[in-house]
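# Descriptive structure summary
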Amino acid sequence: MPELPEVETVVRRLAKVLPGKVIKSIEVLRDKSFQGKSNQLKARQIIRVNRRAKMIHLEIEGDHDLLIHLKMTGQLVFVGNGQKIGGGHPTGDWVNELPSNHTRAIINFQDGSILYFNDMRVFGWMRMLDQPALEKEFNRYGPDANSDELTVDYFKKVFAHRSIPIKQAIMDNVLLSGIGNIYASEALFYAGIHPQRSAKSLIHAEWKKLHQAIRMVLDEGIKAGGTTFDGKYVNADGLAGHYQDKLMVYGRAGELCLNCQTKIGKIKLAGRGSYFCPRCQT
Ligand SMILES: [Zn+2]
């Protein structure tokens with residue numbers, strides 16, 4: 001599942017091309033993937049592309065915006081102006097001709113460019129929402145992990161009394177949004193905190209380190225265009241990211257820690273594989 005840096009990467013790429021485009025038509029190929037009366041968006045202009053938590057928000061002229069969640073396997077691929085850009089789950093649809101068998105909705109713009117929403121497993125969605133519905137959706141999530149709302153004080157107020165493992169706590173989107181398995185593992189490594197520690201066992205200096213580490217891994221992840229694991233598509237320009245080359249612990253069980261040469265360990269926490277260095281993280 002894409003995490004904050006991967007979604008932010010898609011948003012930044014689309015923000016370069018979508019504003020100003022006028023919707024000509026929307027083809028919904030799978031009803032489950034698109035909620036709303038798509039013809040109401042006809043002849044409307046895209047104003048801005050934003051992100052909230054792991055959702056992509058297309059601000060559109062008129063009463064309804066479009067909110068998109070890529071979930072496990074969603075992709076947004078823009079084709080036009082002689083380029084193909086976007087991102088999401090890496091599959092052959094990044095490089096093959098579109099639409100494909102996985103295309104669930106197609107937004108055609110008046111200038112001939114096209115935005116494809118592909119989603120192999122059909123957990124993702126596009127929803128037309130008015131302002132109150134948007135706010136209701138946004139309020140379900142804690143502050144964005146890379147926003148200024150996340151402070152050491154916020155950690156201490158909202159997290160410090162919880163007895164659940166710290167890794168599980170920072171992945172809970174109601175408390176903090178945007179962090180999944182990859183960036184949680186990496187941030188805890190940089191902070192020197194074992195993923196299994198209970199949130200309430202952290203002392204002030206550790207909250208500070210964790211706060212810095214989260215900001216750092218997200219910033220670096222965004223700079224690298226996110227993480228793309230499928231080796232076949234890592235060179236798809238305008239779609240792939242390269243943070244996988246910088247991972248210190250995630251996916252490296254049994255390999256040596258780049259810091260101390262100890263073997264990276266793996267445990268299961270709340271059903272998710274969790275990677276850590278048994279020496280650097282205590
Ligand atoms: Zn180590």
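Each value, and the rule that gives it
Residues numbered from 1 in each chain as written. Predicted model: local features only at pLDDT ≥ 70, side-chain atom pairs only at ≥ 80, totals over all residues. Heavy atoms only, no water. Buried < 20%, exposed > 50% of the residue type's maximum accessible area, 1.4 Å probe, protein only. Helix = DSSP H or I, 4+ residues; strand = E, 2+ residues; numbered from the N terminus. Arc of directions from axis to C-beta. Contact = heavy atoms within 4.5 Å. Phe/Tyr/Trp six-rings, centres within 6.5 Å; stacked < 30°, edge-to-face > 60°. Lys NZ or Arg CZ within 6 Å of the ring centre and 35° of its normal.

Right, let's talk about helix α2 (residues 131-138) for a bit. The complete set of buried residues in α2 reads Leu134, Glu137 and Phe138. Buried residues of α2, viewed axially, fall in a sector of 95 degrees; they line one side. In this structure, α2 carries Pro132 and Lys136 as exposed residues pointing more than 90 degrees from its buried face. The elements touched by buried residues of α2 are β3 (46-52), β4 (55-60), β5 (65-69) and β10 (125-129).

Moving on to the packing of aromatic side chains. Applying the stated rule across the entire model yields eight aromatic pairs. Aromatic side chains Phe155 and Phe159 sit 5.0 Å apart centroid to centroid with 75 degrees between the ring planes, which places their arrangement in the edge-to-face category. In this structure, Phe155 and Phe159 share a single accessibility class: buried. Taken together through their ring pairs, the aromatic side chains of Tyr154, Phe155, Phe159 and Trp207 make up a single cluster. The ring of Trp125 carries Arg127 above its face, with NZ or CZ at 3.6 Å from the centroid.

The omega torsion across Leu98 and Pro99 is 0 degrees, close enough to zero to call that bond cis. Mapped onto the elements, Pro99 comes out in the loop between β7 (83-88) and β8 (103-109). Here the phi dihedral of Lys71 falls at roughly 50 degrees; this positive angle occurs in a residue that is not glycine. Considering the arrangement of structural elements, one finds Lys71 in the loop between β5 and β6 (74-80). One non-glycine residue, Ala270, lies in the positive phi region at around 50 degrees. Among the secondary structure elements, Ala270 is positioned in the loop between β11 (265-269) and β12 (272-276). Classification of Ala270 by relative accessible area gives exposed; the value is 57%.

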